[in-house]
Amino acid sequence: MERTITTIQEHARELNLTGLAGSVDLLLEEARKSEPSYSDFALTLLETEISCRRKAHLERRRKAANLPLLHDLDHYDSGVQNGISQVQLRQLRQLLWLDQNYNLILIGPSGTGKSYLAGGLCHEALKLGYHALFRTMDELIQTIRFKEVTTAAAREYKRLVHAHLLVIDDIMMFPIEKSVAVGLFQLINQLHEQTSFIITTNKNPKEWAEMLGDEVLATALLDRLLYKCEVIKLTGKSYRLEHRTTIFEQQQPAEGGATRKKRNYRFKKS
């Protein structure tokens, strides 16, 4: 029996059925207990391979997406009052707007959850099989600047133009040089009818002209982004500052107004 299992594993690897090769001994053990029909067992073998391939494919797309550390909306703090309701969040997670090539612009002060929401929606898109990417504005600038110079930047630019969803995080935080601004417009102009964008920013669209140094270019850029777009204004205090931690241990007041560390002492009996 062991030799038969080894042979099956070798054949599976030769046929590039790596998921099946890694699970065949467990599947056979389960089959001995449940005694399925031949057709059911064959179906289980194929489903095991397909499941493994889908997981591997999702992991590759997650890696390429470059999601922020916090991106799982299942852990989103429903108690946060930042201007978006739970009903709206559920509607956004359904991704109907993505099927219709709608854009989202998340605008608000730092710490109100813009990047978390954008990363979470990007993650939802990945799980449904979309080619979704999360890029900071600085990463995008470097790609635009060097796409004609380095192979890595050219490869990255190609990934961008084939995305179903492109998140641009912290757009217009800093002024952009003219050549990069033109390159940004060219990218969005190329994608705006076939790709959805999620834009996070703390700048009002009226301030974009100042960051780009060109009112005409800013108007043309916004025209493409806002044509089919939902603008979501986030408000409130910074979540990070409200929930920041300290490196110091708790201290309690001592007599005379001074503070002292609370310590536990052990005494030996004499």
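Residues numbered from 1 in each chain as written. Predicted model: local features only at pLDDT ≥ 70, side-chain atom pairs only at ≥ 80, totals over all residues. Heavy atoms only, no water.

Student: Is there a simple way to think about the pattern of salt bridges in this case?
Tutor: Where side chains of opposite charge bring their charged atoms close, a pairing between them can arise. Scanning the entire structure with this criterion turns up 12 salt bridges. As a salt-bridge pair, Arg-93 and Asp-74 come within 2.7 Å of each other at their nearest N and O atoms. Here Asp-74 lies in the loop between helix H3 (38–65) and helix H4 (86–93) and Arg-93 lies in helix H4, a separation of 19 residues in the sequence. Accessibility expressed as a relative area gives 52% for Asp-74, which makes it exposed. Arg-224 is the partner of Asp-223 in a salt bridge, and the nearest nitrogen-oxygen pair spans 3.9 Å. The partly exposed category is assigned to Arg-224, whose relative accessible area is 21%. Overlapping salt bridges bring together Asp-74, Arg-93, Glu-124 and Lys-127 as one network. (Salt bridge = Lys/Arg side-chain N within 4 Å of Asp/Glu carboxyl O. Helix = DSSP H or I, 4+ residues; strand = E, 2+ residues; numbered from the N terminus. Buried < 20%, exposed > 50% of the residue type's maximum accessible area, 1.4 Å probe, protein only.)

Student: Would you mind going over the packing of helix H2 (residues 18–34) against H3 with me for this structure?
Tutor: Between two packed helices, what matters for the description is the angle formed by their axes and the separation of those axes. Following both chains from N to C, one finds H2 and H3 inclined at 140 degrees, their axes separated by 9 Å at the closest point. Considering how the two elements wind past one another, H2 and H3 form a crossing that is right-handed. Contacts between H2 and H3 pair Thr-18, Gly-19, Leu-20, Ser-23, Leu-27, Leu-28 and Ala-31 from the former with Phe-41, Thr-44, Leu-45, Thr-48, Glu-49 and Cys-52 from the latter. For the contact of H2 with H3, a count of residues per class yields seven nonpolar, five polar and one charged. (Axes fitted to C-alpha atoms, helices over the stretch in contact; angles between N-to-C directions. Left-handed = near helix turned anticlockwise from the far one by under 90°. Contact = heavy atoms within 4.5 Å. Nonpolar A, V, L, I, M, F, W, Y, C, P; charged D, E, K, R; others polar.)

On their own, these measurements won't tell you what the molecule is for.
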